[in-house]
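The lines below spell out each chain.
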2 protein chains.
Amino acid sequence: MPDDFPPVILTIDCVLLTLPSDVPAAGLSVALLMRDTAPFEGVAALPGGYVHADEDADLEAAARRVLAAKLGIGGARFFLEQLCTVSGSARDPRGWSASVVYYALVPEARLAGGVGRLAPVDALPQLAFDHAAIVARAVERLRAKTSYSNLPGFLLPETFTLPELQDVYERVLGLALDQSVFRKRMDEMNLIEAVPDGFRKGGRHRPAQLYRLRDGFASLHDRIVAQRPRGRR
Amino acid sequence: MPDDFPPVILTIDCVLLTLPSDVPAAGLSVALLMRDTAPFEGVAALPGGYVHADEDADLEAAARRVLAAKLGIGGARFFLEQLCTVSGSARDPRGWSASVVYYALVPEARLAGGVGRLAPVDALPQLAFDHAAIVARAVERLRAKTSYSNLPGFLLPETFTLPELQDVYERVLGLALDQSVFRKRMDEMNLIEAVPDGFRKGGRHRPAQLYRLRDGFASLHDRIVAQRPRGRR
């Protein structure tokens, strides 16, 4: 590292989002930890830590290490994506810092008995640093992607029924969706697939087909584009 | 900075995209500089540099400093957005590094007589580090946002005609668009506005109305959502 520039603090912060099943449902919630050191001692904060260049292959590996060490989320499949990098001299009283932020979508069951507390994203307590703004950005990203991806499905267990999936979309967006429009869009977008011979028996109702996410996320570029390649008009 | 973790190299890289007006048109192009030091001496690379924590208010300020110092792009309004942060031990032979990447959209006229060379994004020369992958990601982001924003308009001068705007969308997407569908979508999305009394006289044609970008970018969340707030169904 060249020594003609002052070193910077590089950290990782993780926004783990989940949908609690409490009644009444709290809505989309974020996992927080109480800080036990200054600055912001005793204030809730996102799980985070320093990048360990000697053990983290890259920043995503650092985020996975933080999630495993601080929230017990590891191993199996969950959604994790880089959100942004926040920076500057104003965000941490210790000096100029940059923090690379990842957000994770995890079914509530995976958090059972885990550490950390959940707070609804629409009613956050005081958070350390610029963490409230970071949570808002993660929620904005999730809501924006919800309209053209199967992202909310990562908040469900591996298999789910269509009404369960619609409920998750509605809770993420905070909007009611028309059932037939929702099912038609899901069909068109090809984001989920039926589990062969997978049914959930439900009391007096007939068994409900179970679905799972397809790999990859479709994104739609058909708003203003025609389907012919550019050439002579 | 705590000294129990090894320091990391934190840099900025800038993907400046523009649309050259050469005939035949080269298509979407990126500004490159030739490296004059190792590693990758003599190889083309994205303009970049170290973060100067003592003078850069934040990472965006660092990106603006790099663009001004290395490409002469400063002052006036242009589109600049953080793309991602790339990282790891494999990308730079000098050691573990993280680079925060910004992409900029600039009209060709702003680059006139400037330093750097332009290379079409679809026919890049060999690039240093992981810069080819970074350019591909910036193009992917621009193309994805093109379908629901006025982003391609930032590749034009401040005022433009509708045929010029459609041409830019087509060149960014590499697709031909239907004129009436394009105009209808532009109208619905409310992304541009007519310049009052702004017309361009064109030979034997009648004068063409000039438009400019509205502030802000509309994004559309109406794909699968209904317009009533969630509540009792």
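Please read these numbers as outputs of a predicted model, since none were measured by experiment.

Observations concerning the environment of Gln179 of chain B
- Inspection of the secondary structure assignment puts Gln179 of chain B in helix H4 (residues 179-189).
- Through-space distance from the C-alpha of Gln179 of chain B to that of Gln166 of chain B is 7.7 Å; in sequence the pair is 13 residues apart.

Regarding the pairing of strand S2 (residues 29-34) of chain B
Residues and elements named next belong to chain B.
- When strand S1 (residues 9-18) meets S2, the two strands line up antiparallel, connected through 2 bridges. Residue Thr18 lies in a different strand from S2, and its bridge partner there is Ser29.
- Bridge count between S2 and strand S3 (residues 44-45): 2 bridges; the pairing is antiparallel. Bridge pairing in S3 links Met34 to Ala44.

A word on the pattern of salt bridges
- Per the counting criterion, the structure on display carries 28 salt bridges over all chains.
- Its salt-bridge partner being Arg141 of chain B, residue Glu81 of chain B comes within 3.1 Å of it at the nearest N-O pair. Remark: Arg141 of chain B occurs in helix H2 (residues 131-146) and Glu81 of chain B occurs in strand S5 (residues 79-88); sequence separation between them is 60 residues.
- When its relative accessible area of 24% is taken as the criterion, Arg141 of chain B is described as partly exposed.
- Close ionic contact of Arg200 of chain B with Glu164 of chain B constitutes a salt bridge, the shortest N to O distance being 2.4 Å. Of this pair, Arg200 of chain B sits in strand S8 (residues 192-202) while Glu164 of chain B sits in helix H3 (residues 162-173); the two residues are 36 residues apart in sequence, bridging distant segments of the chain.
- Ionic contacts of the salt-bridge type, sharing partners, join the residues Asp13, Arg91 and Asp130 of chain A into one network.

Examining the environment of Met186 of chain A
Residue and element names in this part refer to chain A.
- Here Met186 shows up in helix H4 (residues 179-189).
- In sequence terms Met186 and Asn150 are 36 residues apart; their C-alpha atoms lie 8.7 Å from each other.
- Among all residues touching Met186, those that are not within four sequence positions of it are Leu165, Tyr169 and Leu191.

Some thoughts on the environment of Tyr50 of chain A
All names here are of chain A.
- For Tyr50, the position within the fold is in strand S4 (residues 48-50).
- The partly exposed category is assigned to Tyr50, whose relative accessible area is 23%.
- Note: C-alpha distance between Tyr50 and Val66 (16 residues apart in sequence) is 9.2 Å.

Side note on the side chain of Ser99 of chain B
All names here are of chain B.
- Topologically, Ser99 is positioned in strand S6 (residues 97-105).
- Assessed through its relative accessible area of 0%, Ser99 is described here as buried.
- Polar side-chain contacts of Ser99 include one of 2.6 Å to the side chain of Asp13.
- Not counting residues within four places of it along the chain, the set of residues in contact with Ser99 comprises Thr11, Ile12, Asp13, Cys84, Thr85, Val86 and Arg91.

Here we look at the packing of aromatic side chains
Residues and elements named next belong to chain A.
- Taken as a whole and assessed by the stated rule, the structure comprises 8 aromatic pairs over all chains.
- On the basis of an interplanar angle of 50° and a centroid distance of 5.4 Å, the ring pair of Phe79 and Phe154 is categorised as tilted. One end of the pair, Phe79, is in strand S5 (residues 79-88); the other, Phe154, is in the loop between helix H2 (131-146) and helix H3 (162-173), with 75 residues separating them in the sequence. The same class applies to Phe79 as to Phe154, namely buried.
- Ring geometry for Tyr169 and Phe182: centres 5.2 Å apart, planes at 70°, overall edge-to-face. Separated by 13 residues along the polypeptide, Tyr169 in helix H3 and Phe182 in helix H4 bring together distant segments of the chain.

Brief notes about H3 of chain B
All names here are of chain B.
- With 12 residues, H3 should cover 16 Å at 1.5 Å per step; its first-to-last C-alpha distance of 17 Å lies within 8% of that length.
- For H3, the buried fraction is high: 9 of the 12 residues fall into the buried class.
- Taken as a whole, H3 has its buried residues at Leu162, Leu165, Gln166, Val168, Tyr169, Glu170, Arg171, Val172 and Leu173.
- Contacts from the buried residues of H3 go to H2, H4, S8 and strand S9 (205-213).

A closer look at the confidence of the model for chain A
Residue and element names in this part refer to chain A.
- Averaged over every residue, the pLDDT of chain A is 85; residues scoring 70 or more account for 86%.
- Within chain A, the lowest mean pLDDT, 86, falls on H4, and the highest, 97, falls on strand S3 (residues 44-45).
- Confidence drops under pLDDT 50 across residues 217-233; counting only partners more than four residues distant or on other chains, this segment forms 50 contacts.

Some points on the nonpolar core
- One finds Leu10 and Ile12 of chain A together with Leu10 and Ile12 of chain B to be the most contacted residues of the largest nonpolar core, which totals 48 residues.
- When residues of this core are traced back to their parent elements, those giving at least two are strand S1 (9-18), helix H1 (59-71) and strand S6 (97-105) of chain A together with S1, helix H1 (59-71) and S6 of chain B.
- With sequence-adjacent residues up to four places away left out, Leu10 of chain B is seen in contact with Val8, Leu10, Trp96 and Ala98 of chain A together with Tyr50, Val51, Leu59, Ala98 and Val100 of chain B.

Remarks on unusual backbone geometry
Residues and elements named next belong to chain A.
- The amide bond that connects Ala38 to the next residue, Pro39, takes the cis arrangement and shows omega of -5°.
- The backbone of Phe129 sits at a positive phi, close to 50°, despite the residue not being glycine.
- Within the secondary structure, Phe129 is located in the loop between strand S7 (117-120) and H2.
- Positive phi, close to 55°, is recorded for Asp197, a residue that is not glycine.
- Structurally, Asp197 can be placed in strand S8 (residues 192-202).
- Its relative accessible area of 75% is what places Asp197 among the exposed residues.

Some words on the side chain of Ser149 of chain B
- Among the structural elements, Ser149 of chain B can be located in the loop between H2 and H3.
- One polar contact links the side chain of Ser149 of chain B to the main-chain amide nitrogen of Leu151 of chain B, over a distance of 3.1 Å.

The rules behind these values
- Residues numbered from 1 in each chain as written.
- Chains lettered and ligands numbered in written order.
- Predicted model: local features only at pLDDT ≥ 70, side-chain atom pairs only at ≥ 80, totals over all residues.
- Heavy atoms only, no water.
- Helix = DSSP H or I, 4+ residues; strand = E, 2+ residues; numbered from the N terminus.
- Pairing = 2+ DSSP bridges.
- Salt bridge = Lys/Arg side-chain N within 4 Å of Asp/Glu carboxyl O.
- Buried < 20%, exposed > 50% of the residue type's maximum accessible area, 1.4 Å probe, protein only.
- Contact = heavy atoms within 4.5 Å.
- Polar contact = N/O pair within 3.5 Å; in protein donor to acceptor, adjacent residues only side chain to side chain.
- Phe/Tyr/Trp six-rings, centres within 6.5 Å; stacked < 30°, edge-to-face > 60°.
- Expected span 1.5 Å × (residues − 1).
- pLDDT = per-residue confidence, 0-100.
- Core = buried A, V, L, I, M, F, W, Y, C linked by side-chain atoms within 4.5 Å.

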